[in-house]
Amino acid sequence: MKSSLITNPGIRNIAIIAHVDHGKTTLVDQMFQQSGLFHARQSVEERIMDSMDLERERGITISAKNCSVSWGNTKINILDTPGHADFGGEVERALTMVDGAILLVDASEGPLPQTRFVLKKALDGNLKIIVVVNKIDRQDARPEEVLNEIYDLFIELGANDDQIEFPVLYAIGRDGLAKETLEEESKDLKPLFEAILREVPAPGYDPDEPFQMLVADLNYSEYLGRLAIGRVFHGTAKQSDPLVCFDENGKIHTLRANKLQVYEGVGITEVEKVEAGDILILAGIENVQIGDTICHHEKPKALPRISVDEPTVSMRFCSNTSPFAGEDGKFVQSTKIKERLHKETLSNVSLQVEEDEAGMFLVKGRGELQMTILLETMRREGFELGVGRPQVIYKEIDGETHEPIEKLYIDCEEQHMGVISEKLSRRKGRIIELINQGSGRIRVQFEIPSRGLIGYTSEFLTDTKGTGIMSSYLTGYEPYRGDFPTRSTGSLVSDRKGQVTGYALFGLEPRGVLFSIPGDRIYEGMIVGEHNRDTDLNVNACREKKLTNMRSSGKDDGIMLTPVPPMSLEKAIEFIRSDEMVEVTPKNIRLRKTHLAYADRHRLRNKKTTDK
């Protein structure tokens, strides 16, 4: 399709790909400003493309988003893609709509694991790459060395001769300037815009082919209904044209679109006609999924469907069964949770949902971060639910169990390397490469099973005192490397329902790390702390001091408790074991045992012992 003889010179379709926090969204802001999208005195919010609250709070791009700018007589459709491998499904569907990509790399940090993951997808799609070395104004910037690392990365990923001859620009995205060499002066992004027009091929199409649009995204408008978004690969379409859709089984369904729309800046505008190469938004479309082909009724012809990598992690979702169920949320029924998860699979191609006989939902995805974002989004929408510990998805190959293996990159101070390598080796990790540049920090590359990273992030931050950087991506499957302990501590479990008292917590502090504070409401089976031994301990966290006739002024004021930080969703999911769950509500995150009653837990434990 990209080798067609005829091109549409008035359009360029590009994606911007980068590792998390390398300045991608900030650069897009400056492209908006300098293309004339906003007038000089207009007040514009920073990081316009980060439209979700979670994206602004975390400073990362979660979902791929479209926009467009104009430079001269050319319209440039831009796709802002996520920089994390957990959102690889977003990247894969987004790259089907473009002909080129801007690879943005930090001038100090260089190409990091997520850069490698996204770049591999772009090279596999034979996209034209423009490399932009960003943040060259940093004190620790090393643009020449970083450029050599980028060349090494292209070679390692199997780039062909054309791909490795990429153009290079140097930029300060925050200040909105780009230049072709480090020495020349520049005040704007004109060199970047000119490189896009010069290097990225105009979308090609076959004039003999009928109208074909590949659906790469779905959205919803309160006024227009469901929106199908995708690139027009061939042909043209008008408002009144009758359309049909090819589903995943090859069946044809009749469609009727209310409006034809295209991107204009960060918004959309209605048009009477669309041409090959443009990004089209069809409004009012029903029963369409990502990967479907939309074409004319007279000449239906399907395009190859979007393919995505398989999920590697699963989590069990279920309705909230705690004694406090229904107090915080609007949606607590399993049918509502099922509807919400099904809705998520329509727009997130890398997510799969299966329902079992017990009414629980097995949600399969790319990683813990993707699951956490989904849970956080649902709780903000008013859902209450319970979730289990993440589990990796194994494969059976030639009668042998294989597990997903990740390449892990760690950047930390040299003094922390000992404890990190010790803990990762216990989790079946192996050192592949170690780089010490004499600056006091080292870079280490590990190969480790995906299950070895579940629950490790908080330990890593503690061991490096918050100064370490860790990121990873999936490399493939290898034979199962053997068992290893996942958590060396037990849980402090409440043995009754009530209200937590400071007097009780003061007596429990020597037993471990507490998660509750005085005044919290708790119930039997709820986890109130981490036991400093490897067994669970049932405790009374509601115990009050017995009153006597002997009282002295100020005697009870001496109780001093260790401050308890609020429980985050990430920390909760990392902490729980296979017999524990996280209760997620709009206002609270609680840890609990799957079976709340002690008698039930005791009976199950005895049954397992007997079975052995």
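Not measured: the values here are computed from a predicted model.

J.: Could you give me a rundown of the packing of aromatic side chains, with the residues and numbers involved?
T.: Here the structure, examined in full by the defined rule, presents eight aromatic pairs. Ring centres 4.2 Å apart and planes at 5° place the aromatic pair Trp71 and Phe193 in the stacked group. In this pair, Trp71 sits in strand S3 (residues 65-71) while Phe193 sits in helix H7 (residues 190-199), placing the two residues 122 residues apart along the sequence. Trp71 sits in the partly exposed class, given a relative accessible area of 23%. Taking the centre distance of 4.7 Å and the plane angle of 25° together, the rings of Tyr151 and Phe166 count as stacked. On the criterion of sequence distance, the pair formed by Tyr151 in helix H5 (residues 143-156) and Phe166 in the loop between helix H6 (161-164) and strand S7 (168-172) is long-range, its members being 15 residues apart. Taken together, the ring pairs connect Tyr151, Phe154 and Phe166 into an aromatic cluster. The ring of Phe233 has Arg231 sitting right over it, with the charged end atom 5.0 Å from the ring centre.

J.: Summarise the nonpolar core; cite the residues concerned and give the values.
T.: Residues Leu103, Ile129, Ile150, Phe154, Phe211, Leu282 and Ile294 are the most contacted members of the largest nonpolar core, which totals 68 residues. Ignoring anything within four residues of it in the chain, the contact list for Ile294 reads Phe211, Gln212, Met213, Val215, Ala228, Leu243, Val244, Cys245, Leu255 and Leu282. The next biggest cluster of nonpolar side chains, apart from the first, holds 26 residues, and it includes Ile337, Val387, Met567 and Ile573.

J.: An account of a nonpolar patch on the surface is needed here, citing residue identities and associated values.
T.: Taken together, the side chains of Tyr503, Phe506 and Ile559 define a hydrophobic patch exposed on the protein surface, amounting to about 250 Å² of accessible area. The residue Ile559 is located in the loop between strand S35 (537-539) and helix H13 (569-575) in this model.

J.: Tell me about the environment of Arg256, and please be specific about residues and values.
T.: Relative to the elements of secondary structure, Arg256 occurs in the loop between strand S14 (252-255) and strand S15 (259-264). On the accessibility criterion, Arg256 (71% relative accessible area) is exposed. Put simply, Arg256 and Ser240 are 16 residues apart on the chain and 8.9 Å apart in space, counted from C-alpha to C-alpha. Not counting residues up to four positions away in its chain, the partners in contact with Arg256 are Gly284 and Ile285.

J.: Quick rundown of helix H10 (residues 417-426)? Include the residues and the values.
T.: For H10, the complete set of buried residues consists of Met417, Ile420, Lys423 and Leu424. In a view along the axis of H10, the buried residues occupy a sector of 140°, so they form one face of it. Residues of H10 that are buried make contact with strand S26 (400-413), strand S27 (430-436), strand S28 (441-449) and helix H11 (457-463). Among the residues trailing H10, Lys428 stands out with phi positive, at a value near 70°.

J.: Go over the environment of Pro449, please, and point to the residues and values.
T.: Turning to its location among the elements, Pro449 is positioned in strand S28. Residue Pro449 is classed as buried on the basis of its relative accessible area of 0%. Between the C-alpha atoms of Pro449 and Glu478, which are 29 residues apart in sequence, the distance is 8.6 Å. Beyond its immediate chain neighbours, meaning those up to four positions away, Pro449 contacts Glu403, Pro404, Ile405, Arg427, Lys428 and Arg481.

J.: Lay out the side chain of Glu403 with the relevant residues and their values.
T.: Residue position: Glu403 is located in strand S26. Glu403 gets classed as buried once you look at its relative accessible area, which sits at 1%. A polar side-chain atom of Glu403 sits 2.4 Å from a polar atom in the side chain of Arg451. With sequence-adjacent residues up to four places away left out, Glu403 is seen in contact with Tyr394, Pro449, Arg451, Gly476, Tyr477, Glu478, Pro479, Tyr480 and Arg481.

J.: I'd like to hear about the pairing of S26, residue by residue, with values.
T.: Counted residue by residue, S26 has eleven buried out of 14 residues, so it is predominantly covered. Here strand S25 (residues 395-397) pairs with S26 via three bridges, running antiparallel. Counterpart to Glu396 in the pairing with S26 is Thr401. Between the end of S25 and the start of S26, which pair antiparallel, lie two residues, with Asp398 showing a positive phi angle near 55°. Of the strand pairs in this sheet, S26 and S28 are connected by nine bridges, and their pairing is antiparallel. Across the sheet, Leu408 pairs through a bridge with Phe446, a residue of S28.

J.: Talk me through the confidence of the model for the protein chain; I want residue IDs and the actual numbers.
T.: The predicted model of the protein chain has a mean per-residue pLDDT of 82, with 88% of residues at 70 or higher. Across the protein chain, strand S33 (residues 521-522) holds the top mean pLDDT of 94, while helix H2 (residues 53-58) sits lowest at 47. Confidence drops under pLDDT 50 across residues 38-52; counting only partners more than four residues distant or on other chains, this segment forms 37 contacts. Ignoring residues within four places in sequence, the model shows residues 83-88, a span with pLDDT below 50, making 26 contacts including any to other chains.

J.: How would you sum up the pattern of salt bridges? Please name residues and give values.
T.: Taken as a whole and assessed by the stated rule, the structure comprises 41 salt bridges. Across the pair Arg316 and Asp356 runs a salt bridge, and its minimum N-O distance is 3.2 Å. Of this pair, Arg316 sits in strand S20 (residues 313-319) while Asp356 sits in the loop between strand S21 (352-355) and strand S22 (361-365), and the two are 40 residues apart along the sequence. You can call Arg316 partly exposed: its relative accessible area is 38%.

J.: Go over the packing of helix H1 (residues 24-34) against H7, please, and point to the residues and values.
T.: Helix-helix packing is characterised by the crossing angle of the two axes and by the distance between the axes. At their nearest, the axes of H1 and H7 sit 11 Å apart, and the two run at 90° to each other. On the basis of the axis angle, H1 is roughly perpendicular to H7. On H7, the residues touching Leu27, Met31 and Gln34 of H1 are Lys190, Leu192, Phe193 and Ile196.

J.: An account of unusual backbone geometry is needed here, citing residue identities and associated values.
T.: For Lys135, which is not glycine, the phi torsion reads 60° and is therefore positive. Take Lys135: it is sitting in the loop between strand S6 (128-134) and H5. The backbone phi angle of Asp398 is positive, close to 55°, even though this residue is not glycine. Its place among the elements puts Asp398 in the loop between S25 and S26.

J.: Explain the environment of Ser458 residue by residue, including any values.
T.: Position of Ser458 relative to the elements: it lies in helix H11. Sequence separation between Ser458 and Lys571 is 113 residues, and the spatial gap between their C-alpha atoms is 7.0 Å.

J.: How would you explain the pairing of S20 if you had to name every residue and give the values?
T.: Most of S20 sits inside the fold, with five of its seven residues counted as buried. As judged from the two bridges shared by S20 and strand S24 (residues 391-392), these two strands associate in the antiparallel manner. Note that in S24 the partner of Val313 across the bridge is Val392. One ladder, built from five bridges, connects S20 with S22; its direction is antiparallel. Residue pairing across strands places Ser314 opposite Lys364, the latter belonging to S22. Note: S20 against strand S23 (residues 385-387), three bridges, orientation antiparallel. When the sheet's bridge partners are listed, Ser319 is paired in S23 with Leu385.

About the criteria used
Residues numbered from 1 in each chain as written. Predicted model: local features only at pLDDT ≥ 70, side-chain atom pairs only at ≥ 80, totals over all residues. Heavy atoms only, no water. Phe/Tyr/Trp six-rings, centres within 6.5 Å; stacked < 30°, edge-to-face > 60°. Helix = DSSP H or I, 4+ residues; strand = E, 2+ residues; numbered from the N terminus. Buried < 20%, exposed > 50% of the residue type's maximum accessible area, 1.4 Å probe, protein only. Lys NZ or Arg CZ within 6 Å of the ring centre and 35° of its normal. Core = buried A, V, L, I, M, F, W, Y, C linked by side-chain atoms within 4.5 Å. Contact = heavy atoms within 4.5 Å. Patch = residues over 30% accessible without salt bridge, like charges linked within 9 Å, V, L, I, M, F, W, Y side chains within 5 Å. Areas by Shrake-Rupley, 256 points an atom, 1.4 Å probe, with all protein chains shown as cover. Salt bridge = Lys/Arg side-chain N within 4 Å of Asp/Glu carboxyl O. Arc of directions from axis to C-beta. Polar contact = N/O pair within 3.5 Å; in protein donor to acceptor, adjacent residues only side chain to side chain. Pairing = 2+ DSSP bridges. pLDDT = per-residue confidence, 0-100. Axes fitted to C-alpha atoms, helices over the stretch in contact; angles between N-to-C directions. Parallel < 35°, antiparallel > 145°, perpendicular 65-115°, else oblique.

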